[in-house]
Amino acid sequence: MELTPAMLLARFKERWQVLSQTQKIIASLVTAGIVVSIFFIGNLLAQPPYAPLLTGLEPKDAGIIIEELKTLNVPYQLADQGKTIMVPEAHVYETRIKLASSGTLGGGMGFELFDQSKFGQTDFEQQVVYQRALQEELRRTLVQIEGVEQARVHLVIPQKSVFVGADSGYPFGFRGP
C-alpha cells in the first residue's frame, strides 16, 4: 500500500484533532522555532567568511575607505569600534589593490608631490612641498619597521640666516656666557 499526499494530510488532520489546545500551541511554537532556526542557520552558512582588509584605522581614513568600498560595490563590516574594516575573505587582496591603485590607501604623498609641478611657484611654496614630501617619506619608512603600526613625522628645518655664525651657531658669532 502506497501513501499518497492526500492520505498523509488526512492522517495529520486526525492526529491534530486529537491534540488538546495546549498541545496544539506547543506544537505550533516548536514548529515555528525550527523554521526560524533553519532560516538563520541557512543565512549564516550562506554568508561568506569575512577577513580584515585594514586594521588600526583613524575614523577619517575609515570613512574615506568605506566610501570607496561603496562605489566599488564591495560588502564590508566594521569591527574593533570602527578601526577595522572587514570584507569577504575571497576579495581581500583584490580590494586592497583596487584601493591602492585609486589612491585611497596611500596616506599622504611623498616625493610624488613633485610630479605635479606648478608654474610660478614661489621659493617658500617649494620649500613647504619639499618638507611635506620629506615628512611623508620618513613616515612611510618608519611604518615599515616591525612593531610600528602608525607614525607621524614633523620636521623642523632651520632656515639659513646671514645672522647666524657658521662656526658658533650663535647669532652674530657671539659665544654666549
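The structure we're discussing is the one just above.
The text that follows walks through the structure, step by step, so that each part is easy to find. (Residues numbered from 1 in each chain as written. Predicted model: local features only at pLDDT ≥ 70, side-chain atom pairs only at ≥ 80, totals over all residues. Heavy atoms only, no water.)

1. Regarding the overall build of the protein chain
When its secondary structure is counted, the protein chain shows five helices and three strands. Helices and strands in the protein chain line up, N terminus first, as α-α-β-α-β-β-α-α. In the protein chain, which comprises 177 residues, the proportion classed as buried is 17%. Here the analysis covers contacts within the protein chain between residues at least 6 apart in sequence; of these, 48% occur between residues at least 24 apart. (Helix = DSSP H or I, 4+ residues; strand = E, 2+ residues; numbered from the N terminus. Buried < 20%, exposed > 50% of the residue type's maximum accessible area, 1.4 Å probe, protein only. Contact = heavy atoms within 4.5 Å.)

2. Quick notes on the sheet that holds strand 2 (residues 77–79)
Spatially, the three strands line up as an open sheet ordered 1-3-2, and their pairing is antiparallel. A single partner strand is all that each edge strand has here, and the edge strands are strand 1 (50–54) and strand 2. This sheet shows a mean twist of 45 degrees between the axes of neighbouring strands, independent of strand direction. The pairing of strand 2 with strand 3 (residues 84–88) spans three bridges and is antiparallel. Within strand 3, the residue paired with Q77 across the bridge is M86. Here helix 3 (residues 59–71) sits on the sheet in contact with strand 1, strand 2 and strand 3, set at roughly 20 degrees to strand 3. (Pairing = 2+ DSSP bridges. Axes fitted to C-alpha atoms, helices over the stretch in contact; angles between N-to-C directions.)

3. Side note on the environment of T84
Its location among the elements puts T84 in strand 3. Other than its neighbours up to four places away in sequence, T84 contacts P52, L54, T55, G56, Q77, L78 and A79.

4. Remarks on helix 5 (residues 123–143)
Across its 21 residues, helix 5 extends 30 Å between first and last C-alpha, which sits within 8% of the 30 Å expected from 1.5 Å per residue. For helix 5, the full list of buried residues reads V129, A133, Q135, E136 and R139. Projection of helix 5 onto a plane perpendicular to its axis shows the buried side chains occupying an angular sector of 160 degrees, all on one side. Turned more than 90 degrees away from the buried face of helix 5 sit D123 and F124, all of them exposed. (Expected span 1.5 Å × (residues − 1). Arc of directions from axis to C-beta.)

5. A short note on the side chain of R139
Tracing the backbone shows R139 in helix 5. We classify R139 as buried; its relative accessible area is 17%. Looking at R139, its side chain comes within polar contact range of the side chain of E136, at 2.8 Å. (Polar contact = N/O pair within 3.5 Å; in protein donor to acceptor, adjacent residues only side chain to side chain.)

6. Comments concerning the packing of aromatic side chains
Following the criterion strictly, the structure yields two aromatic pairs and no others. Geometrically, the ring pair formed by F39 and F40 is edge-to-face, given 5.7 Å between the ring centres and 70 degrees between the ring planes. Note on accessibility: F39 and F40 belong to one class, exposed. (Phe/Tyr/Trp six-rings, centres within 6.5 Å; stacked < 30°, edge-to-face > 60°.)

7. Concerning the nonpolar core
Counting 13 residues, the largest nonpolar core has L53, L57, I65, L69, I85 and V87 as its most contacted members. Put simply, the parts of the chain that give this core at least two residues each are strand 1, helix 3, strand 3 and helix 4 (92–101). By residue number, the principal contributor to this core is helix 3, which donates four residues. Those residues in contact with L57 that sit more than four places away from it in its chain are A62, I65, K83 and I85. (Core = buried A, V, L, I, M, F, W, Y, C linked by side-chain atoms within 4.5 Å.)

8. Remarks on unusual backbone geometry
Despite not being glycine, N73 shows a phi value in the positive range, around 55 degrees. Checked against the element boundaries, N73 lands in the loop between helix 3 and strand 2. A residue is classified by how much of its surface remains accessible, and N73, at 67% relative accessible area, is exposed. We note that D80 has phi near 55 degrees; this positive angle belongs to a residue other than glycine.

Keep in mind these numbers describe shape, not what the thing actually does.
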